[in-house]
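Here's the letter readout for the chains.
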Amino acid sequence: MTEPAIANEGIKPWYLAAAAAAFAAMAFAIWFDDRWLLNFVHVICGVLWTGMDLLMGFVIGPAMREASFEARRAVSLRISARTIVMLPTLAIMMLTKP
């Protein structure tokens, strides 16, 4: 029996470009001491990080428990490259509270 091919997407360059753009926006707000933008970045990143955490825990986790091993492996390989960049970026940027 042959194993189906599961593509590991890896970290794409635009994931890193999006993280760099987010850090640039944060640096811009800090450099110009724009408290409204800093607060906006803090709130938006906090909402996104919390939403991703809840999505993983309450939706993806239970769905993965019921899925077959091949399906769990495929989902894990596709989602890990995105979350390895996105979640730390959001967590770091969430600390920008003025």
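In what follows, the structure referred to is the one given above.
Everything quoted here is computed from the prediction, not taken from an experiment.

Analysis parameters
Residues numbered from 1 in each chain as written. Predicted model: local features only at pLDDT ≥ 70, side-chain atom pairs only at ≥ 80, totals over all residues. Heavy atoms only, no water. Helix = DSSP H or I, 4+ residues; strand = E, 2+ residues; numbered from the N terminus. Contact = heavy atoms within 4.5 Å. Areas by Shrake-Rupley, 256 points an atom, 1.4 Å probe, with all protein chains shown as cover. Lys, Arg positive; Asp, Glu negative; His and termini not counted. Charge placed at Lys NZ, Arg CZ, Asp CG, Glu CD. Expected span 1.5 Å × (residues − 1). Bend = angle between axes of the 7 residues up to and from the residue. Buried < 20%, exposed > 50% of the residue type's maximum accessible area, 1.4 Å probe, protein only. Arc of directions from axis to C-beta. Phe/Tyr/Trp six-rings, centres within 6.5 Å; stacked < 30°, edge-to-face > 60°. Polar contact = N/O pair within 3.5 Å; in protein donor to acceptor, adjacent residues only side chain to side chain.

This part covers the overall build of the protein. Helices and strands together make up the secondary structure of the protein, namely three helices and zero strands. When the elements of the protein are put in sequence order from the N terminus, they spell out α-α-α. Principal-axis analysis of the C-alpha atoms gives the protein an extent of 60 × 30 × 10 Å. Contacts in the protein between residues far apart in sequence, at least 24 positions, make up 81% of those at least 6 positions apart. Carbon and sulfur atoms make up 71% of the accessible area of the protein, which totals about 7000 Å². Side chains of the protein carry 8 positive and 7 negative charges; the gap between the two charge centres is 0 Å.

Turning our eyes to something else, we now look at helix H3 (residues 69-93). Spanning 25 residues, H3 covers 35 Å between terminal C-alpha atoms, matching the ideal 36 Å at 1.5 Å per step. At Thr83, H3 shows its maximal kink, close to 35°. What H3 keeps buried is the set Ala81, Thr83, Val85, Thr89, Leu90 and Met93. Along its buried surface, H3 packs onto helix H1 (13-31) and helix H2 (35-66).

So, on to H1. Helical geometry note: an α-helix holds 3.6 residues per turn, so side chains three or four residues apart project in the same direction. Under the 1.5 Å per step criterion, the end-to-end length of H1 is 26 Å for 19 residues, consistent within 8% with the ideal 27 Å. Within H1 the residues assigned to the buried category are Tyr15, Ala19, Met26 and Ala29. Taken around the axis of H1, the buried residues stretch over an arc of 80°, which confines them to a single face. Opposite the buried face of H1, by more than 90 degrees, sit the exposed residues Pro13, Trp14 and Trp31. Its buried side turned inward, H1 meets H2 and H3. Within two residues after H1, Asp33 carries a phi angle of roughly 50°, on the positive side.

Attention now goes to the packing of aromatic side chains. Taken as a whole and assessed by the stated rule, the structure comprises three aromatic pairs. Judged by centre distance (4.7 Å) and plane angle (70°), the ring pair of Trp14 and Tyr15 falls under edge-to-face. Relative to Phe40, the ring of Trp36 lies with its centre 5.3 Å away and its plane at 10°, an arrangement referred to as stacked. One end of the pair is Trp36 and the other is Phe40, both in helix H2 and four residues apart, which spans about a single turn. Here Phe40 falls in the partly exposed class, since its relative accessible area comes to 41%.

Quick look at the side chain of Thr83 now. Of note, Thr83 is situated in helix H3. For Thr83, a relative accessible area of 14% puts it in the buried group. One polar contact links the side chain of Thr83 to the main-chain carbonyl oxygen of Ser80, over a distance of 3.3 Å. Ignoring anything within four residues of it in the chain, the contact list for Thr83 reads Met52, Met56 and Pro88.

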